[in-house]
There are 2 protein chains.
Amino acid sequence: MTEDRVFSKLTPTILASLKEIADDLNVLTGDDCESYSRDEAPHPRHSLPEVVIKPTSTLMVSRILRLADQHHIPVTPRGAGTGLSGGAVPLYGGISLCLEKMNRVIEIDEANFSATFEAGVVLKDLCSAVGEKGLYYPLYPGEMNATIGGNTATNAGGMRAVKYGVTRNFVLGLEAVLASGEIIQTGGKFVKSSTGYDLTQILIGSEGTLAVITQVTVKLITPPGSREILFVPFNSLDEAIRCVPMILKENILPVTIEFMCEDILKLVQEKSGKEMPFKMYPAYLLLMLECAGEDEFLTLTSKLNDICLRNGAPDVFVPGSESAKRRLLEFREQFYPTMQHCHMLDLADVVVPRSRIADFLDKVKVISLKHGIDVMAYGHAGDGNVHLHPVGAPETDPVRVQLLLKEIYSAGISLGGTISGEHGIGVDKKQYLPLAFTPAKIELMRQIKLAFDPHNILNPGKVI
Amino acid sequence: MTEDRVFSKLTPTILASLKEIADDLNVLTGDDCESYSRDEAPHPRHSLPEVVIKPTSTLMVSRILRLADQHHIPVTPRGAGTGLSGGAVPLYGGISLCLEKMNRVIEIDEANFSATFEAGVVLKDLCSAVGEKGLYYPLYPGEMNATIGGNTATNAGGMRAVKYGVTRNFVLGLEAVLASGEIIQTGGKFVKSSTGYDLTQILIGSEGTLAVITQVTVKLITPPGSREILFVPFNSLDEAIRCVPMILKENILPVTIEFMCEDILKLVQEKSGKEMPFKMYPAYLLLMLECAGEDEFLTLTSKLNDICLRNGAPDVFVPGSESAKRRLLEFREQFYPTMQHCHMLDLADVVVPRSRIADFLDKVKVISLKHGIDVMAYGHAGDGNVHLHPVGAPETDPVRVQLLLKEIYSAGISLGGTISGEHGIGVDKKQYLPLAFTPAKIELMRQIKLAFDPHNILNPGKVI
């Protein structure tokens, strides 16, 4: 909604005011801004901010936004920059507002199983802080260097959504700064509220376009038991996918159910030099269980063994030792690096109803053949989130890749899914949004954006 | 935000058009509108709609809204009218849009553990429909005759929030009609999505002020085991409340943790003629457990017994038989009817962080004495939601009651809580909203309202 808008440039006077608000120490200009021009998307659009500011307090954020709003200067909020959709790229220059210095643990409340963090706290620090109090934050979006603010802004998901859901399900409240500079508090240390519109939820996943999140209050749980793994081969992906509801119907709720196919396993073997630790089959489910103890593990494994064998699995592999478990997980962790070494042309994270994963990948195969571009796929069988990597020669025409992706997104949507399960729309997927949303819905989102940010200074050019 | 607005009245021409859209059969006028002038709030403001329409399809809802929007006719959506905050009262006349005839089960999807219902499906029908497929909807907001549309519009909570959360946590997607008549779909049969602003979540709890919800897709689970009860006495409410995190920290997650005090138990005995089935103590926790079998029940009971005795409980009562269990639950179910027989002056459902319940009730005691109005309290110790009933002579000055409530709400807010945990704001609590929200936050909500409903026809006079 911003392409036709001309933003103001930073004048020396405005820059001086910003330096006064934020202190010279927290302000970068010139070449120092280079690494704030992109995120970790495979082919990021580089776009230099005119200035990078690293605020150290909510009040500082408020004063920066008030000034930016007055002068119509674009502000692109940013956590650790680990996003994969170009969400943190300052498309229109202006201010890159990097929250990494706001990294204090505000409170860990043991009685209410909740904790409040500044937005710049990275997940690994969050987890160790709550762990010290005997509590646990169960989400694992895969990048422990990401910030809780960034996780919240993109509604990060990850491998444990089948049991625990996504960031949205664990955020109880926020402190955020509106474009006007007003500081708002939303939600609180409670799960129940029917008091006005849920501003917490509308801010989660809004990718910095509605407000700057400065603090996040999350729900905590008690630590789960040990994590155990089953690696279950199938003769087809279809059989693997059809086994998933059979497991869940027996009242077993694994923390993770991933699917993977022979093609990617072979590619990982070839590229990483690591040996796939089990016999090769056309498809696999990787199940991770949380067990209170050995007894529960044995009961669950025996039940799962029966269910999987009854539903077509020729075998069930249980890594017998900690080192075998680690070997398998390390092999799994090679997927993304392998893709990176394969000339990844783009990156999609479509979500479909979990029963439709095999149908979706059948369609993807046809689309891939039609466009002559290989697409590697793996992902979360428990929640329908499929990671897709078109791979090919670096010189592949980007227009061909876009056409391929357009058809892949349309296929997912036609099966009841949507464009992004966890990475967000950012700038990279914005062109595909009209495939999923009617013009009325996009117009409604534009109106919501204007309700929060009338001058459209916050992360312009993103999402809608 | 509507007090200064003059709505149009229904002209005979508009009424004729509405009858053409909705069919005469689905339109009530005159005296037939009487029971649509209120909900179940203790002292509802009666306000007659000019017409009641019972649409039978989403398209019909769309055509009605389009016409109403053109002519600036207020529309008050309504489910079963079981709300407790006056949310369904057509304050400005116009159309009462009652969704009770839209009561079809659209789909129960066993593979994806989800189901889609028209908004007018009542909870008891929803539960039996999913039960027939071996699935389960675990929320229990207490009124099985309420509709799923109404539950969604108010983000209904109930007794099982400590384990399962609230309606918000079980709704995956919606079909809704905007004020303009545009039909939108939000979410889908998946838990993971980072695709644009979460319109599902902003509509949940918006009490019919942003759109008319016509279909709701919910998440389902497998049926839990049997439900067992422990009734644990304490020598003070403070000790009872302090025991709650001790239970949760031991990795026991009861489906329900209620607290109740001697005063209300005695009152129920006196008014209902039912005998309290256990020895009287100053305070109690009622714990409900879901157990996979007898073994788990014995393990949990023994663990809970230890935890409670270690934390000050003089005893732990376990109703030994189904009939003893039923007697206890029936006694608990007398709370609200008892309040109704006590000249309930109003009704509040404040939520505070659960560790602050005892502090909150200490403050309520002081406020109650100051104003000379008794306040009975009980509620959900697991989630901090406290039901408060000021009781007294019917002729009590309503201004005194308002002053009392204002101080009660302020006390809850000062402890980190908010006004309504589950009943919603409706019209009855609207005057108290500025106690919880800053002017900037209320203004933001107004702007969101206008983004959805520029002519302010949807449930005007409610929430903000």
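Relevant structure appears above.
Scope of this entry: the structure provided in the associated data block. (Residues numbered from 1 in each chain as written. Chains lettered and ligands numbered in written order. Predicted model: local features only at pLDDT ≥ 70, side-chain atom pairs only at ≥ 80, totals over all residues. Heavy atoms only, no water.)

The subject of this paragraph is the packing of aromatic side chains. Residues and elements named next belong to chain A. Considering all chains together, one arrives at 18 aromatic pairs over all chains under this definition. For the pair Phe335 and Tyr378, a centre-to-centre distance of 5.0 Å together with 75 degrees between the ring planes defines the contact as edge-to-face. On the criterion of sequence distance, the pair formed by Phe335 in helix α12 (residues 335-341) and Tyr378 in strand β13 (residues 374-380) is long-range, its members being 43 residues apart. Like Phe335, the residue Tyr378 is buried in the burial classification. A connected cluster of aromatic rings, assembled from ring pairs, spans Phe231, Phe278, Tyr281, Tyr284 and Phe317. The ring of Phe170 carries the charged tip of Lys219 above its face, separated from the ring centre by 4.9 Å. (Phe/Tyr/Trp six-rings, centres within 6.5 Å; stacked < 30°, edge-to-face > 60°. Helix = DSSP H or I, 4+ residues; strand = E, 2+ residues; numbered from the N terminus. Buried < 20%, exposed > 50% of the residue type's maximum accessible area, 1.4 Å probe, protein only. Lys NZ or Arg CZ within 6 Å of the ring centre and 35° of its normal.)

Turning our eyes to something else, we now look at the nonpolar core. Grouped together as the largest cluster of nonpolar side chains are 242 residues, with contacts concentrated most on Phe360 and Leu388 of chain A together with Leu285, Phe360 and Leu388 of chain B. If we ignore the near neighbours within four places in the chain, the residues touching Leu388 of chain A are Asp346, Leu347, Ala348, Val350, Phe360, Leu361, Val364, Val375, Met376, Ala377 and Ile408 of chain A. (Core = buried A, V, L, I, M, F, W, Y, C linked by side-chain atoms within 4.5 Å. Contact = heavy atoms within 4.5 Å.)

Below, the discussion takes up helix α2 (residues 58-71) of chain A. Over its 14 residues, α2 of chain A extends 20 Å from the first C-alpha to the last, a length consistent with the 20 Å expected when each residue adds 1.5 Å. For α2 of chain A, the complete set of buried residues consists of Thr58, Met60, Val61, Ser62, Ile64, Leu65, Leu67, Ala68 and Asp69 of chain A. (Expected span 1.5 Å × (residues − 1).)

Contacts between the two partners involve 73 residues from chain A and, on the opposite side, 73 residues from chain B. Summing both partners gives a buried area of about 5900 Å² for chain A against chain B, and 62% of it is carried by carbon and sulfur. On the chain A side of the contact with chain B, Lys192, Ser194 and Tyr197 of chain A bury the most area, a combined 17% of that side's loss. Applying the counting criterion to the chain A and chain B interface returns 8 salt bridges. Taking the shortest distance from any N to any O, the salt bridge between Glu422 of chain B and Lys192 of chain A comes out at 3.1 Å. Contributions of two or more residues to the side of chain A that touches chain B are made by β8 (183-187), α7 (199-203), α8 (237-249) and α16 (439-452) of chain A. Among the elements that line the side of chain A that touches chain B, the one with the most residues is α16 of chain A, at 9 residues. Residue classes in the side of chain A that touches chain B are distributed as 31 nonpolar, 28 polar and 14 charged. (Buried area = accessible area lost by both parts, 1.4 Å probe. Salt bridge = Lys/Arg side-chain N within 4 Å of Asp/Glu carboxyl O. Nonpolar A, V, L, I, M, F, W, Y, C, P; charged D, E, K, R; others polar.)

All names here are of chain B. On the secondary structure map, Met280 appears in the loop between α9 (262-272) and β12 (283-291). A relative accessible area of 24% places Met280 in the partly exposed class. Sequence separation between Met280 and Leu67 is 213 residues; the distance between their C-alpha atoms is 60 Å. Here Met280 is in contact with Glu262, Leu265, Lys266 and Gln269, once residues within four sequence places are set aside.

What follows concerns the sheet that holds strand β10 (residues 226-234) of chain A. Residues and elements named next belong to chain A. Taken together, 5 strands build an open sheet; the order of strands is β10-β12-β11-β13-β14 and the sheet is antiparallel. With partners counted over all chains shown, the strands left at the sheet margins are β10 and β14 (385-391), one partner each. Sheet twist, expressed as the mean angle between neighbouring strand axes with direction ignored, is 20 degrees. In this sheet, β14 lies alongside β13 in antiparallel orientation, the contact comprising 7 bridges. (Pairing = 2+ DSSP bridges. Axes fitted to C-alpha atoms, helices over the stretch in contact; angles between N-to-C directions.)

All names here are of chain B. Of note, the phi angle at Asp23 is positive, near 75 degrees, even though the residue is not glycine. Relative to the elements of secondary structure, Asp23 occurs in the loop between α1 (12-22) and β1 (27-28). Of note in this structure, Asn456 is not a glycine but carries a positive phi near 55 degrees. Within the secondary structure, Asn456 sits in the segment after α16 (439-452). Given a relative accessible area of 2%, Asn456 falls into the buried group.

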